[in-house]
Amino acid sequence: MPELPEVETIRRDLAESIVGSEIVAVKILFLKTAKNDAAFFVKALINHKIEDIGRTGKLLSLKIKQKKGETENLYLLVHLKMTGQLILTSKSKKIVGGHSLNEHSFESSVGGELPNRHTRAIIEFKNGDKLFFNDLRKFGYLKIVDELEFKKIIVAGYGPEPLSPNLSVKYLTAKLKNKKKNIKAFLLDQKMIAGLGNIYVDESLFLAKIKPMRLAGSLKLIEIKSLYLAINKIIKKAIANRGTTFNNYVDSSGRKGNFSRLLSVYGRGKLPCLKCKKALVKTKLAGRGTHYCDYCQK
DNA sequence: CCTTGTGTTCTCCG
DNA sequence: CCGGAGAACACAAG
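Right, let's walk through the structure included here. (Residues numbered from 1 in each chain as written. Chains lettered and ligands numbered in written order. Predicted model: local features only at pLDDT ≥ 70, side-chain atom pairs only at ≥ 80, totals over all residues. Heavy atoms only, no water.)

**Side note on the protein's contact with DNA strand B**
Argument step 1. Residues in close proximity to DNA strand B total 15 residues, the closest being H79, M82, R137, N198 and R288.
Argument step 2. Taking all atoms of DNA strand B within 4 Å of the protein, the share assigned to sugar and phosphate is 55%.
Argument step 3. The separation between a base oxygen of DNA strand B and a polar side-chain atom of R137 is 2.9 Å.
Argument step 4. Between DNA strand B and the protein, one listed contact pairs a phosphate oxygen with a backbone N or O atom of G289 at 3.4 Å.
Argument step 5. Within the residue set of the surface near DNA strand B, elements represented by two or more residues are β10 (281–285) and β11 (288–292).
Argument step 6. Counted by class, the surface near DNA strand B contains four nonpolar, four polar and seven charged residues. (Near = heavy atom within 4 Å. Polar contact = N/O pair within 3.5 Å; in protein donor to acceptor, adjacent residues only side chain to side chain. Helix = DSSP H or I, 4+ residues; strand = E, 2+ residues; numbered from the N terminus. Nonpolar A, V, L, I, M, F, W, Y, C, P; charged D, E, K, R; others polar.)

Structure representation (C-alpha cells):
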C-alpha cells in the first residue's frame with residue numbers, strides 16, 4: 001500500500017532516471033487505466049519529454065514538456081492506489097519502484113518478464129528505457145490534465161503535506177476543533193493532511209500515545225502537539241528508510257524499503273507491545289484494520 | 001471472508 | 001427542507 005514515503009521514494013528514483021527523457025511509444029493494455037480518451041492520451045505523451053516529477057500526497061504528477069507551438073502545460077497524473085507499481089527497466093540495469101503483492105509477483109516483475117499479466121500501460125523512451133504501470137487490482141490510474149484541472153484536483157482534494165510548514169499545531173488545532181469523527185478517520189482524510197494511509201496513521205497514533213477511536217475534537221493541546229511531532233518523525237524516518245516494504249517494495253538498486261522492521265504496531269496483530277509488553281489490539285475502525293496498544297495509548 | 005485509497009452515494013442531524 | 005458532516009458503499013482481485 002504505497003503511502004507518502006513510498007510514493008516519494010518512487011518520485012525521487014524516477015526523477016533521477018527519466019526527467020529529460022523523450023517518450024517514443026505509449027501502449028495502453030487495459031483501457032480503463034488511462035482516464036482520458038486513448039487517442040488523446042497517446043498523442044499528449046508521444047514525442048514529448050518529461051520535464052519534472054512532483055508529488056502531492058500519494059499522487060504523482062509528471063510534467064510534460066511543451067513542444068514548439070504548444071501553449072498549454074499538461075501533466076500526467078499517476079495514482080497507484082493499493083497495488084499499483086511503476087517499474088522502470090533500462091538496458092543496463094533494472095530500476096524498480098512500487099509495491100508487489102507477494103514474493104511471486106515480485107519475482108515475475110523483476111525476473112525479466114515484463115510486461116506481465118498485471119501490466120496496464122507501458123511508456124517507452126528514446127534511450128530504450130521502459131516504464132511499466134502494473135496494477136493487480138485495477139484501482140490505480142493514469143490521467144493527463146491541464147494546469148487548471150491539476151490545480152483544481154490539488155485544491156479540492158489535498159490538505160497540507162506532513163513535512164511542510166503548512167501542517168502545524170495551529171492548523172491541526174483549528175481543524176480538529178469540534179470534529180465528531182474519530183482521530184483515525186480524520187488522519188486518513190486526504191483533505192485534512194495529504195499522504196497518510198493506514199500504516200502511518202496507526203504508527204503515528206502509537207507514537208503520540210493516542211487511541212485511534214478518540215473523537216478528533218477531544219484532543220487536548222498537548223496531545224495535538226504530540227501527534228504533530230509523531231507524524232513528522234514517522235514520515236521523515238520512513239522516507240529516509242525508503243518506505244515500508246510490507247509486501248515487496250524495492251528501490252532502484254533492488255533493495256527493499258527498510259521501514260517495515262521499524263513498525264511498532266501495524267501488522268503486528270496481538271504481538272506484545274514493544275513498550276509495555278502487553279498484547280496489542282487489532283480491531284476495525286473507519287473501515288480499516290486498526291492496530292494499537294490499549295495500555296500505552298490513551 | 002479478508003486486505004485498502006478514494007470517489008460516490010446514502011443517511012442523519014441541527 | 002437544506003446543507004453539511006460522516007458513515008457506508010463501490011470498485012477490484014487474490
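Moving on from the model shown.
**A short note on the protein's contact with DNA strand C**
Argument step 1. Neighbouring residues of DNA strand C: K32, M82, R117, L136, R137, K138, F139, K179, K180 and K181.
Argument step 2. When the atoms of DNA strand C within 4 Å of the protein are sorted by group, sugar and phosphate make up 59%.
Argument step 3. Residue K32 places a side-chain N or O atom 2.9 Å away from a phosphate oxygen belonging to DNA strand C.
Argument step 4. Within the side chain of R137, a nitrogen or oxygen atom sits 3.4 Å from a base nitrogen of DNA strand C.

**Quick word on empty space enclosed by the protein**
Argument step 1. On inspection of all chains with the given rule, the structure shows three cavities of 30 Å³ or more.
Argument step 2. Each pocket or cavity is described by its volume, and for the second largest cavity that value is around 50 Å³.
Argument step 3. Surrounding the second largest cavity, L76, V78, L86, A121, I122, I123, L131, F133 and L142 form its lining.
Argument step 4. Contributions of two or more residues to the lining of the second largest cavity are made by β4 (74–79), β7 (119–125) and β8 (130–135).
Argument step 5. Per-element accounting of the lining of the second largest cavity gives the leading share, three residues, to β7. (1 Å grid on protein atoms, 1.4 Å probe; cavity = no way out; pocket = protein on both sides within 12 Å on 5 of 7 lines; lining within 4 Å. Points joined across faces, edges and corners; volume = space filled by probe spheres on them.)

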